[in-house]
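Each chain, written out:
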Amino acid sequence: MSMETNQTFEDLAQVVEHELFPDVDLALRRGRHIDREDAAWYGFLTDAQAMLERFYRRYGAELVQRTDGFFFLLPSGDKLGRRHLSPSEMLVGQGLTLLYLEPATVEQGGITSRDQLLSQLSASMGTEQLMLAFNAKKKRLDERVAQEMVRSGVSQAVRRLAGLGFVDLLPEERIRLRSSLMRFAEPVRGSGADLEALTRLVASGEVALTESDDDAPAGDDAFSPSAEADSSPDAAPAPLPGWSEGSEWGASFDQPEGDVDPALRTLPKPETPDSDSDSDSDSDSDSDSDSDSDSDSDSDSESDERGSEEPSS
Amino acid sequence: MPPLDPASPSASPSGEASALLALSSRAPKLELSTLDLCFLATLYLRGQSSGHSAFSEEQLFEHFEQAAQVVERDPSSVRKRATHAIARLRAQRLLSRVDGAGLMRAGEYALSRLGASIVSFFLEEEVLTAETLTLLTRTLESSLRDVLVRAGAATTAAELDDAVVGPLKVTVHELMEGIERRQRGLDLQQEQFQKEISALLSADWFGAVESCQTLLESTAATLRDLNHVLLSESHRLQAQLEDLQELASKTNASSAEEAIRRAADQIDRIAAWSAGRQKSWSDYYQYVHRFLRDVVRLDPSRALTARLRDQLSGKSGKRFTLAVASTPAPLLLRDVAPSPERPPVKRPRAERDTPPSEQAAVDPFAVLEDSVRQKLDAGAASLRDVTAQVTAELPEEERFRAAGRVAQVVARLARTRSERERPWLPVDEAFAIEEWTLPRKGGAAG
């Protein structure tokens, strides 16, 4: 199917009646990035862009098109649900972006493998730091188990990123990198200072800052290989905005501000009331048993794995 | 051993196995150093330039020396090394003696077919171009036309087989193999281009854009031309083969039909290769163009990669996370199907215990009395007679007990008399009783 549908839409009704609309709409609402590889969908979005932008604005969302050649939906209001990528998804996404920028990947036509991804992550972060990133909850690390956790965690994150249209999964653990990966490089793009681009992206809601490693509570990003892989990053449905007199009242008052640019405020720390007294201790006592035992305490961190949900109001 | 024809019946799994077995039993192996290969190449090139395929021993030494100087720049002990090299190449059947003079004089040597093939693989620039392809297909077309003329003149199946099978196997087959060999050459060249593009970008990121685009354009143009030539030529070739096939069918020339079918398959394969290569190269072309435009041109100093790497390693920058839409899939409620009415659980209404009913009781003593009475009325003369007759109807284990009751009933119903000497007489084999006589009323006792 050609990329351009060469169809001119007179009004929104024609767009909605188009056969591709239901699939494209659902994909966008689920966080899918649509690029030129999705030739038909991309062509439809290009043709109907003006009308769809107005359409989604009524839902408090922005249909964003990047010059790299991809679309995605960015909810900014409270009518559509949204979530933030988990730390592991961010790590893997950035590693994949580095591979996307590598000349060696050009030779393969943008196709890489899980091994190359692991090698890239290990080279960029260092093996120790990589293992710590995927085993944050563990007090004592058995090397073999920790490495297994990294491998399974990376695979799980890749599957989720594939669900969002950042990569395609091919047979034999090969991965086709897509141009939408450039979103991971967006905050460090441009000739100006990094902070400038980041501030702009945070202000637009496209990016949120997270805690630094030192501040992050233990277990923010611990991986569970046994955790159910969820390629569809569905969040809880966004509740309808209700009447909230208390919150509305006083909203117009000036908020006390510190020195920090409001755009650069970080996401709140996830609640982990007993992150230190989790059941990790018993699992670590026998680190050779198997990875299941190591992951017994990770079910509570599944929400962290999926990233922080932002249900409306 | 002749090479296996992929289309021949011997190319079946069992044929392959036997061919492999035969090959392995001969334990062939090749060991060639760079100098050996260059020596062979020197012979090959000299043979082509001079038109002579055979070399004297002196010429061999001379050519080896030239190759050694180019490859190793070490002229020491060249003659000795040449002797070893020639022996090694002869043992591996890459070089063969062709004069047949034996001891009589110094020999003449030539590259074997194997040696020439190896060298031509490394040397040949035989990649498919629009010019070579046009030339080859035109020659192929001309050969097929000749075959068609000869086939048209044939009147019998044998004549048609002779006219078709040989030329198709030799001329047409060789030409098509020539095309396929050049296709493989082009495949290799494309692979080299992909590596070259990657190497160019690695060496000079932004400066390589132009050269990369030139490489892409040249290959794309070659493939486009090839596809165009093949599309037009293959139709003509197939049409000629169809005419041949029709002639073969009319005369029932099965061998010719088989040869024509194989040639048609080969042409289809060549056309499919062209379409496939153009598609895959088109994808690659678009990908690299996008990469050059979106990545290389927008980041000429590779600063983006460096910053992203620093970000990933935590050396610089603030940690961030991307926001994505996350609306759950719409819930589809199932249709409510009314559950079937189930009967309530109840106790059975009918009484399980049936009430007792009155039954006439049988008095065994009365029965016995009746029986005794009947025996007495019948004229039994003694207690033993009555007892024997009554107990004969009873089971054996009850007879002894019943005998006492018989005596009681007899004593009540009849007059009895016993002798002073009371005799004990057996009733049956099991027991005996004291005998009473039973006198009749108004008469002498029985």
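Keep in mind it's a predicted model, so treat the numbers as computed, not measured.

Attention now moves to the overall build of chain B. Across its full length, chain B carries 13 helices and 6 strands. Within chain B, buried positions represent 36% of all 446 residues. Taking all contacts inside chain B whose residues are at least 6 apart in sequence as the whole, residues at least 24 apart take part in 66%. For chain B, the computed accessible surface area is about 27,700 Å², with 54% contributed by carbon and sulfur atoms.

Moving on, we get to the overall build of chain A. Counting its regular elements, chain A contains 14 helices and 9 strands. In chain A, which comprises 313 residues, the share counted as buried stands at 50%. Put simply, 68% of the contacts in chain A that link residues at least 6 apart link residues at least 24 apart. A total accessible area of about 14,700 Å² is found for chain A, and carbon and sulfur atoms account for 49% of it.

Each partner contributes to the interface: chain B provides 38 residues, whereas chain A provides 69 residues. Across the interface of chain B and chain A, roughly 4,700 Å² is buried in total on both sides, 61% from carbon and sulfur atoms. At the boundary of chain B and chain A, one finds 3 salt bridges. The shortest N-O distance in the salt bridge between Arg302 of chain B and Glu102 of chain A comes to 3.8 Å. Residues that form the side of chain B that touches chain A fall into these classes: 20 nonpolar, 9 polar and 9 charged. Pairing between strand E4 (residues 82–84) of chain A and strand E4 (residues 320–325) of chain B: 3 bridges, direction antiparallel. In the strand pairing of E4 of chain B, His84 of chain A is matched with Ala323 of chain B.

In this section: the sheet that holds strand E1 (residues 54–56) of chain B. All names here are of chain B. Strand order across the open sheet formed by 3 strands is E1-E3-E2, with antiparallel pairing between neighbours. Looking at strand neighbours, the two that pair on one side only are E1 and strand E2 (95–97), the edges of this open sheet. Strand-to-strand twist in this sheet, taken as the mean axis angle between neighbours without regard to direction, amounts to 35°. Pairing analysis gives 3 bridges linking E1 to strand E3 (residues 108–111), with the strands arranged antiparallel. The residue of E3 that forms the bridge with Ser56 is Glu108. Those strands touched by helix H3 (residues 57–71) are E1, E2 and E3, and its axis lies near 90° from that of E1.

Counting residues in hydrophobic clusters, the biggest one holds 97 residues, and the most contacted among them are Val92, Leu96 and Val154 of chain A together with Val164, Ile197 and Leu201 of chain B. Per-element tally for this core: the top contributor is helix H9 (residues 254–296) of chain B, with 16 residues.

On to the packing of helix H2 (residues 21–29) of chain A against helix H4 (residues 49–57) of chain A, then. All names here are of chain A. Contact geometry for H2 and H4: axes closest at 13 Å, N-to-C directions at 50°. With respect to each other, H2 and H4 are oriented oblique. As H2 packs across H4, the resulting crossing turns out to be right-handed. Where H2 approaches H4, its residues Phe21, Asp25, Leu28 and Arg29 are matched on the opposing element by Leu52, Phe55 and Tyr56.

Here we come to the packing of aromatic side chains. All names here are of chain B. What the rule picks out here adds up to 13 aromatic pairs over all chains. Between Trp205 and Phe291, the aromatic rings sit 5.9 Å apart at their centres with planes inclined by 85°, giving edge-to-face as the arrangement. In this pair, Trp205 is assigned in the loop between helix H7 (157–203) and helix H8 (209–251) and Phe291 in helix H9, connecting sequence segments 86 residues apart. Residue Trp205 is classed as buried on the basis of its relative accessible area, which comes to 6%.

Let us now look at a nonpolar patch on the surface. On the surface, Leu45, Phe121, Phe122, Leu123 and Leu188 of chain B cluster together to form a nonpolar patch covering roughly 490 Å² of accessible area. Here the element with the most residues in the nonpolar patch is helix H5 (residues 113–123) of chain B; it accounts for 3 residues.

Moving on: a negative patch on the surface. Taken together, the side chains of Glu396, Glu397, Glu398 and Glu429 of chain B define an acidic patch exposed on the protein surface. For Glu397 of chain B, a relative accessible area of 65% puts it in the exposed group.

The periodicity of an α-helix, 3.6 residues per turn, causes residues three or four positions apart to be oriented the same way. Between its terminal C-alpha atoms H7 of chain B stretches 65 Å, which fits the 69 Å expected from 47 residues at 1.5 Å a residue. A bend of about 45° at Leu168 of chain B is the largest found in H7 of chain B.

The next subject is the pairing of E3 of chain B. Where E2 of chain B lies against E3 of chain B, 3 bridges are found, and the strand directions are antiparallel. Bridge pairing links Arg97 of chain B to Tyr109 of chain B in E3 of chain B.

Tracing the chain through its elements places Thr321 of chain B in strand E4. Polar side-chain contacts of Thr321 of chain B include one of 2.5 Å to the backbone oxygen of Leu85 of chain A.

Moving on, we get to unusual backbone geometry. All names here are of chain B. For Asn252, which is not a glycine, the phi torsion comes out positive at approximately 55°. Position of Asn252 among the secondary structure elements: in the loop between H8 and H9. Although it is not a glycine, Arg302 sits at a positive phi angle of roughly 60°. Residue placement: Arg302 occurs in the loop between H9 and helix H10 (303–313). Assessed through its relative accessible area of 22%, Arg302 is described here as partly exposed.

This next bit is on the pairing of E4 of chain B. Most of E4 of chain B sits out of view: 6 of its 6 residues are buried. In the sheet, strand E8 (residues 207–209) of chain A pairs with E4 of chain B via 3 bridges, with the strands oriented antiparallel. Bridging across to E4 of chain B, Val207 of chain A finds its partner in Leu322 of chain B.

Quick look at the sheet that holds strand E5 (residues 111–113) of chain A now. Residues and elements named next belong to chain A. The sheet built from 3 strands is open, its strands ordered E5-E7-E6 with antiparallel pairing. The open sheet has two edge strands with one neighbour each: E5 and strand E6 (167–170). This sheet shows a mean twist of 30° between the axes of neighbouring strands, independent of strand direction. As paired strands, E5 and strand E7 (residues 174–177) are joined by 3 bridges and run antiparallel to one another.

Quick notes on the rules
- Residues numbered from 1 in each chain as written.
- Chains lettered and ligands numbered in written order.
- Predicted model: local features only at pLDDT ≥ 70, side-chain atom pairs only at ≥ 80, totals over all residues.
- Heavy atoms only, no water.
- Helix = DSSP H or I, 4+ residues; strand = E, 2+ residues; numbered from the N terminus.
- Buried < 20%, exposed > 50% of the residue type's maximum accessible area, 1.4 Å probe, protein only.
- Contact = heavy atoms within 4.5 Å.
- Areas by Shrake-Rupley, 256 points an atom, 1.4 Å probe, with all protein chains shown as cover.
- Buried area = accessible area lost by both parts, 1.4 Å probe.
- Salt bridge = Lys/Arg side-chain N within 4 Å of Asp/Glu carboxyl O.
- Nonpolar A, V, L, I, M, F, W, Y, C, P; charged D, E, K, R; others polar.
- Pairing = 2+ DSSP bridges.
- Axes fitted to C-alpha atoms, helices over the stretch in contact; angles between N-to-C directions.
- Core = buried A, V, L, I, M, F, W, Y, C linked by side-chain atoms within 4.5 Å.
- Parallel < 35°, antiparallel > 145°, perpendicular 65-115°, else oblique.
- Left-handed = near helix turned anticlockwise from the far one by under 90°.
- Phe/Tyr/Trp six-rings, centres within 6.5 Å; stacked < 30°, edge-to-face > 60°.
- Patch = residues over 30% accessible without salt bridge, like charges linked within 9 Å, V, L, I, M, F, W, Y side chains within 5 Å.
- Lys, Arg positive; Asp, Glu negative; His and termini not counted.
- Charge placed at Lys NZ, Arg CZ, Asp CG, Glu CD.
- Expected span 1.5 Å × (residues − 1).
- Bend = angle between axes of the 7 residues up to and from the residue.
- Polar contact = N/O pair within 3.5 Å; in protein donor to acceptor, adjacent residues only side chain to side chain.

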